[in-house]
Amino acid sequence: TACFHGSMAQTNWHPEKGKKYIILSEQSKSRVAIADIAASAIVWEWRPAVQPDIEPEHAKWFEAMSDAKPLENGKYILACASGGGVALIRVSDKKTMFYAYAGGNTHSVEQLPDGNIVSASSTGNLMSIFVTSGKDYPEKTVRKDFYLRDGHNLVWDKKRKQLYTVSWNQLKTYRYNADKNNPLLTAVDSVAMPDNGAHDLYRAHDTDLMWLSTHSAVFKVSMQSKKAEKVSTRFGENIKSVSSGPEGYPTIIIRPKEKWWTDEVLDLAGNSIFKQQGLRIYKARWLL
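Keep in mind the model is a prediction, meaning the values are calculated, not measured.

Engineer: Please clarify how the sheet that holds strand E2 (residues 31-36) should be interpreted in this entry.
Structural biologist: Across the sheet, which stays open at both edges, the four strands sit in the order E3-E2-E1-E24 with antiparallel pairing between neighbours. Either end of the sheet is taken by a strand with one partner, and the two such strands are strand E3 (41-46) and strand E24 (281-286). Mean inter-strand twist for the sheet, computed between neighbouring axes without regard to direction, equals 25°. Judged from the five bridges that link them, E2 and E3 form a sheet pairing that is antiparallel. Bridged to alanine 35 within E3 is isoleucine 42.

Engineer: Where do I start with the pattern of salt bridges in this structure?
Structural biologist: Close approach of charged atoms lets side chains of opposite charge pair. In this structure the tally under the stated criterion is 16 salt bridges. Residues glutamate 45 and arginine 31 are paired through a salt bridge, measuring 2.5 Å at the closest nitrogen-oxygen approach. Of this pair, glutamate 45 sits in strand E3 while arginine 31 sits in strand E2, and the two are 14 residues apart along the sequence. According to the relative accessible area criterion, arginine 31 is buried, its value standing at 3%. The partner of aspartate 208 in a salt bridge is lysine 159, with the nearest N and O atoms 3.2 Å apart. Of this pair, aspartate 208 sits in the loop between strand E16 (201-203) and strand E17 (209-213) while lysine 159 sits in the loop between strand E12 (155-157) and strand E13 (162-167), and the two are 49 residues apart along the sequence. Overall, the relative accessible area of 25% leaves aspartate 208 in the partly exposed class. Each member of the salt-bridge network shares a partner with another, and the members are Asp67, Asp200, Lys283 and Arg285.

Engineer: Which parts of the structure should I look at to understand unusual backbone geometry?
Structural biologist: Peptide bonds are trans in most cases, and residues, glycine excluded, mostly fall at negative phi. In this structure, lysine 94 takes a positive phi of about 65° despite not being glycine. The residue lysine 94 is located in the loop between strand E6 (85-90) and strand E7 (96-101) in this model.

Engineer: I keep staring at the nonpolar core and nothing clicks. Help me out?
Structural biologist: As a rule of thumb, soluble globular proteins bury nonpolar side chains together. One finds Val32, Ile34, Trp44, Trp46, Phe62 and Ile77 to be the most contacted residues of the largest nonpolar core, which totals 21 residues. For this core, the elements supplying multiple residues, two or more each, are strand E1 (21-26), E2, E3, strand E4 (65-71), strand E5 (76-81) and E6. Not counting residues up to four positions away in its chain, the partners in contact with phenylalanine 62 are Ser30, Trp46, Pro48, Ile54, Ala81, Gly85, Val86, Ala87 and Tyr99. Counting residues in each nonpolar core, the second largest holds 15 residues, with Leu24, Ala33, Ala35 and Phe274 among its members.

Engineer: Can you help me understand the pairing of strand E22 (residues 264-267) in this one?
Structural biologist: For a regular strand, side-chain orientation follows a simple rule: the groups alternate between the two sheet faces. Residues Glu264 and Leu266 of E22 are buried on one face, and the alternating residues Val265 and Asp267, pointing to the opposite face, are buried as well. Sheet analysis places strand E21 (residues 252-254) next to E22, joined by two bridges and oriented antiparallel. Counterpart to isoleucine 253 in the pairing with E22 is leucine 266. By the bridge criterion, three bridges tie E22 to strand E23 (residues 272-275) in an arrangement that is antiparallel. Directly across from valine 265, in E23, lies its bridge partner phenylalanine 274. Remark: four residues form the turn of the hairpin made by E22 and E23, two consecutive strands paired antiparallel; glycine 270 in that turn has positive phi of roughly 95°.

Engineer: Just to check I follow, could you spell out the environment of valine 109 for this structure?
Structural biologist: Residue position: valine 109 is located in strand E8 (residues 106-111). A relative accessible area of 0% places valine 109 in the buried class. Note: C-alpha distance between valine 109 and isoleucine 37 (72 residues apart in sequence) is 25 Å. Once residues lying within four places of it in the same chain are set aside, the contact partners of valine 109 are Lys69, Leu78, Ala79, Cys80, Val86, Ile117, Val118, Ser119 and Leu154.

Engineer: Any chance you could explain the packing of aromatic side chains here in plain terms?
Structural biologist: How two aromatic rings sit relative to each other is set out by the distance from centre to centre and by the angle between their planes. Enumeration according to the criterion identifies eight aromatic pairs in this entry. Ring centres of tryptophan 61 and tyrosine 99 lie 5.8 Å apart, and the angle between their planes is 55°; on these two criteria the pair is classed as tilted. Here tyrosine 99 lies in strand E7 and tryptophan 61 lies in the loop between E3 and E4, a separation of 38 residues in the sequence. The two residues tryptophan 61 and tyrosine 99 agree in class, both being buried. Between tryptophan 156 and tyrosine 176, the aromatic rings sit 6.4 Å apart at their centres with planes inclined by 90°, giving edge-to-face as the arrangement. Of this pair, tryptophan 156 sits in strand E12 while tyrosine 176 sits in strand E14 (residues 170-176), placing them 20 residues apart in sequence. Comparing tryptophan 156 with tyrosine 176, the two get one shared label, buried. Among the aromatic side chains, those forming a connected cluster through ring pairs are Trp46, Trp61, Phe62, Tyr99 and Tyr101. Over the aromatic face of tyrosine 249 sits the side chain of lysine 20, whose NZ or CZ is 5.1 Å from the ring centroid. Directly above the ring of tryptophan 44 sits lysine 94, whose terminal nitrogen or CZ lies 5.8 Å from the centroid.

What counts and what doesn't
Residues numbered from 1 in each chain as written. Predicted model: local features only at pLDDT ≥ 70, side-chain atom pairs only at ≥ 80, totals over all residues. Heavy atoms only, no water. Pairing = 2+ DSSP bridges. Helix = DSSP H or I, 4+ residues; strand = E, 2+ residues; numbered from the N terminus. Axes fitted to C-alpha atoms, helices over the stretch in contact; angles between N-to-C directions. Salt bridge = Lys/Arg side-chain N within 4 Å of Asp/Glu carboxyl O. Buried < 20%, exposed > 50% of the residue type's maximum accessible area, 1.4 Å probe, protein only. Core = buried A, V, L, I, M, F, W, Y, C linked by side-chain atoms within 4.5 Å. Contact = heavy atoms within 4.5 Å. Phe/Tyr/Trp six-rings, centres within 6.5 Å; stacked < 30°, edge-to-face > 60°. Lys NZ or Arg CZ within 6 Å of the ring centre and 35° of its normal.

By themselves, these observations are geometric and do not establish any function.
Here it is in structure tokens:
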């Protein structure tokens, strides 16, 4: 398409060493975008409306992109949208490796160790597991649904082989049976958090902690003890995403300026890390 310029048109994109990039769930163009911080520019996008491997009638599943997180050291991005779509994308050539329809205002998605994908939907009050082996996706994808109140977030803990989600104010832990074709999640426990309205739950970089954002605060939650500790930040309320990195990477947050989106990525102290007018960013994650 004519609107691509510079590196956006490349079919073999890789992050440059020494540069910092942020993955954006960007709703003005219903896309996943990657921003180069130093250049203050978007250098990559996956946009279902123009993707040759997304059926045109399925593009609407990806309206209002709601999460995009890196997998396998940034080789892949796992994304979902409020329109109900979930997708696994290969970054280098933007190939859609898998996509399906979860529905019910999908807020988060996570990959399980066998390659199956689990999603959380808020208005649908559900977690869905998609069996990713099928060739006839998305029509004939096998899925299993589980009840989850106000599903907004999911984190897979490789070390403990458990899935976490904070549902309203309860940190719920699940065991996964790792049976690729007959997947099952079993509840292990449920622990009360200090605030309700849980939104984002995301691994803190290289630690045994998770970031949790709620109605009025940001917390760090220990995977070990399941205790939540409040984080001091200039902004507590209504934070849509939190993402940290190694040394030299500030912890970044998304705080809506309008309705539920913003044109700017901030750090915990409120400094601007990336801004572009006209964007509708819902979540931001470091590409690591």
